[in-house]
Amino acid sequence: AALIIDYGNNFASKQSLRGIKGHEFVHPLQEPGKVDLSADVNFEWLKKMALYPFKRESNKNGKNELVRIHGPVTQGEFLTNMGIQYRVSALLEQISEEDTESLNRLYQGYQRLVEAEDVIQGGMGKSYKAMALTSAPPKSRLKTISDCAGFTKLR
């Protein structure tokens with residue numbers, strides 16, 4: 001099994017190469033060797049490559065019998081499906097109401113993880129995506145096993 005969380009899209013970005021230094025975006029060639037280089041993940045290509053070695057294992061409907069791919073979904077969706085809101089609520093209850101700095105810092109961290117950039121500055125909820133690769137369940141259990149945690153809504 002694999003869980004991939006990174007920024008990217010379901011297509012190849014034409015200009016996704018970027019330089020990062022001191023938590024700031026800079027020109028990738030500004031200081032060779034001193035600037036971290038980064039690029040968007042093409043999740044569609046990643047899905048194709050994950051299935052490629054098992055192409056012969058697909059059934060007549062084209063569904064792979066050995067590997068399941070879940071997502072990609074946005075990081076905000078993934079964390080919400082995993083119940084982050086309940087964890088944050090439990091943590092907030094443990095902080096004194098007088099400690100407004102800690103309450104605000106925790107809530108702002110939560111918002112940064114699940115909200116989009118246009119909602120909150122630095123929001124990573126939409127730009128980051130999550131995708132999982134799992135082995136397919138045995139045929140006898142296909143109807144009893146639900147989707148991968150984080151990729152279906154909590155009930």
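Located above this text is the structure these notes cover.
In short, a report on the structure.

Conventions adopted
Residues numbered from 1 in each chain as written. Predicted model: local features only at pLDDT ≥ 70, side-chain atom pairs only at ≥ 80, totals over all residues. Heavy atoms only, no water. Helix = DSSP H or I, 4+ residues; strand = E, 2+ residues; numbered from the N terminus. Contact = heavy atoms within 4.5 Å. Pairing = 2+ DSSP bridges. Axes fitted to C-alpha atoms, helices over the stretch in contact; angles between N-to-C directions. Core = buried A, V, L, I, M, F, W, Y, C linked by side-chain atoms within 4.5 Å. Buried < 20%, exposed > 50% of the residue type's maximum accessible area, 1.4 Å probe, protein only. Salt bridge = Lys/Arg side-chain N within 4 Å of Asp/Glu carboxyl O. Phe/Tyr/Trp six-rings, centres within 6.5 Å; stacked < 30°, edge-to-face > 60°.

The next point concerns the environment of M124. When you line up the elements, M124 lands in the loop between α4 (100–114) and β7 (128–135). Considered as a pair, M124 and T74 are 50 residues apart in the sequence and their alpha carbons are 8.9 Å apart. Discounting chain neighbours no more than four positions away, the residues touching M124 are Q75, R112, L113 and E115.

The strand order across the open sheet built from three strands is β3-β2-β4, with neighbouring strands paired in antiparallel fashion. Strand pairing shows two members of the sheet lacking a second neighbour, β3 (24–26) and β4 (36–38), which therefore form its edges. Neighbour to neighbour, the strand axes of the sheet diverge by 40° on average, direction disregarded.

Attention shifts here to the nonpolar core. In this structure, V73, F78, L79, I84, V88, Y110, V114, A130, A132 and F151 together form the largest nonpolar core, which totals 10 residues. Those elements that place two or more of their residues in this core are α2 (75–81), α3 (84–93), α4 and β7. Apart from residues lying up to four places away in sequence, V88 is in contact with L106 and Y110. V41, A50, M131 and L133 belong to the second largest nonpolar core, which has five residues in total.

Before going further, it helps to spend a moment on the pattern of salt bridges. Taken as a whole, this structure holds four salt bridges when the rule is applied. A salt bridge links K21 to E31; its shortest N-O distance comes to 2.7 Å. Residue K21 is located in strand β2 (residues 18–21), and its partner E31 is located in the loop between β3 and β4; the two are separated by 10 residues in the primary sequence. The exposure class of K21 is partly exposed, given its relative accessible area of 32%. One salt bridge in this structure joins E101 and R105, with 3.5 Å as the shortest N-O distance. Of this pair, E101 and R105 both sit in helix α4, separated by four residues, roughly a single helical turn. Note on accessibility: E101 and R105 belong to one class, exposed.

With that out of the way, let us pick up the sheet that holds strand β5 (residues 41–42). Spatially, β5-β1-β7-β6 is the arrangement adopted by the four strands of the open sheet, whose pairing is mixed. Looking at the sheet topology across the chains shown, the edges are occupied by β5 and β6 (67–74).

Here we take up the packing of aromatic side chains. Following the criterion strictly, the structure yields three aromatic pairs and no others. Between Y7 and Y128, the aromatic rings sit 5.3 Å apart at their centres with planes inclined by 75°, giving edge-to-face as the arrangement. Here Y128 lies in strand β7 and Y7 lies in strand β1 (residues 2–9), a separation of 121 residues in the sequence. Since its relative accessible area comes to 24%, Y128 is described here as partly exposed. Between Y107 and Y110, the aromatic rings sit 5.7 Å apart at their centres with planes inclined by 45°, giving tilted as the arrangement. Residue Y107 and its partner Y110 are located together in helix α4, separated by three residues, close to a single helical turn. By relative accessible area, Y110 is classed as buried at 18%.

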